[in-house]
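Topology and contacts: notes
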Amino acid sequence: MAASPDIRAIPSSWTASDSGAAKEALDALETYKKKDPSKVVVRFRAIGNAPIMRQNFYKITASNRFQAVIQFLRKELGWKSGDPLYTYINMAFSPAPDDTVSNLFKSFSTDGHLIVNYSTTAAWG
């Protein structure tokens with residue numbers, strides 16, 4: 001006797017009649033993949049014994065992750081990746097490196113700037 005192929009039914013939520021929702025989901029993914037070309041003004045402020053930067057205002061692409069801001073700050077200060085660097089938003093909390101600059105700016109901007117405090121030692125929470 002020949003073995004019959006394993007046939008499974010497709011759930012009704014995945015049928016072709018729901019192609020409008022699938023197209024909407026694909027459109028949302030395409031929108032998410034696009035880079036936001038707008039810029040955000042980031043102001044760096046030294047805390048404690050951290051060196052003060054000559055220029056403390058920079059325009060950074062809004063779609064960048066906060067990790068890019070940390071790397072940029074390290075480059076500007078001339079610090080190696082092993083040197084301690086603590087960053088805070090508005091002297092309150094340390095953002096996750098995978099947060100986007102645009103989300104941080106929308107939520108925590110002050111006078112049109114995203115204020116990033118930096119230190120060589122842990123300063124807050």
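Going by what an unreviewed UniProt entry lists, the protein chain is known as Ubiquitin-like protein ATG12 and is assigned to Heliocybe sulcata. UniProt lists a comment for the protein chain under the heading Subunit (unreviewed entry), and it reads "Forms a conjugate with ATG5." Comment text from UniProt for the protein chain, heading Sequence similarities (unreviewed entry), reads "Belongs to the ATG12 family."

So, about the overall build of the protein chain. The helix and strand tally for the protein chain stands at three helices and four strands. Start at the N end of the protein chain and walk to the C end: the helices and strands fall as α-β-β-α-β-α-β. Burial analysis of the protein chain (125 residues in total) assigns 26% to the buried set. Counting only contacts in the protein chain whose residues sit at least 6 apart along the sequence, the fraction spanning at least 24 positions is 62%. When the accessible area of the protein chain is evaluated, it comes to approximately 8,900 Å², of which 55% is carbon and sulfur surface.

Counting residues in hydrophobic clusters, the biggest one holds 21 residues, and the most contacted among them are Phe44, Leu114 and Tyr118. Among the elements that take part in this core, helix α2 (residues 66-77) stands out by supplying five residues, more than any other.

Here we come to helix α3 (residues 101-108). Residues spaced three or four apart along an α-helix face the same direction, because each turn holds 3.6 residues. Looking at α3, one finds that the buried residues are Val101, Ser102 and Leu104. Buried residues of α3, viewed axially, fall in a sector of 165°; they line one side. Every exposed residue of α3 that faces more than 90 degrees away from the buried side is listed here: Lys106 and Ser107. Lining the buried residues of α3 we find β1 (39-46), β2 (57-61), α2 and β4 (114-119).

Our focus in this paragraph is the environment of Asp83. Examined against the element boundaries, Asp83 turns out to sit in the loop between α2 and β3 (86-89). Since its relative accessible area comes to 31%, Asp83 is described here as partly exposed. Separated by 37 residues in the primary sequence, Asp83 and Thr120 place their C-alpha atoms 8.1 Å from one another. In this structure the side chain of Asp83 is engaged in a polar contact, spanning 2.9 Å, whose partner is the backbone nitrogen of Lys80.

Rules used in this analysis
- Residues numbered from 1 in each chain as written.
- Predicted model: local features only at pLDDT ≥ 70, side-chain atom pairs only at ≥ 80, totals over all residues.
- Heavy atoms only, no water.
- UniProt positions renumbered as here; feature names shortened; annotations may be inferred.
- Helix = DSSP H or I, 4+ residues; strand = E, 2+ residues; numbered from the N terminus.
- Buried < 20%, exposed > 50% of the residue type's maximum accessible area, 1.4 Å probe, protein only.
- Contact = heavy atoms within 4.5 Å.
- Areas by Shrake-Rupley, 256 points an atom, 1.4 Å probe, with all protein chains shown as cover.
- Core = buried A, V, L, I, M, F, W, Y, C linked by side-chain atoms within 4.5 Å.
- Arc of directions from axis to C-beta.
- Polar contact = N/O pair within 3.5 Å; in protein donor to acceptor, adjacent residues only side chain to side chain.

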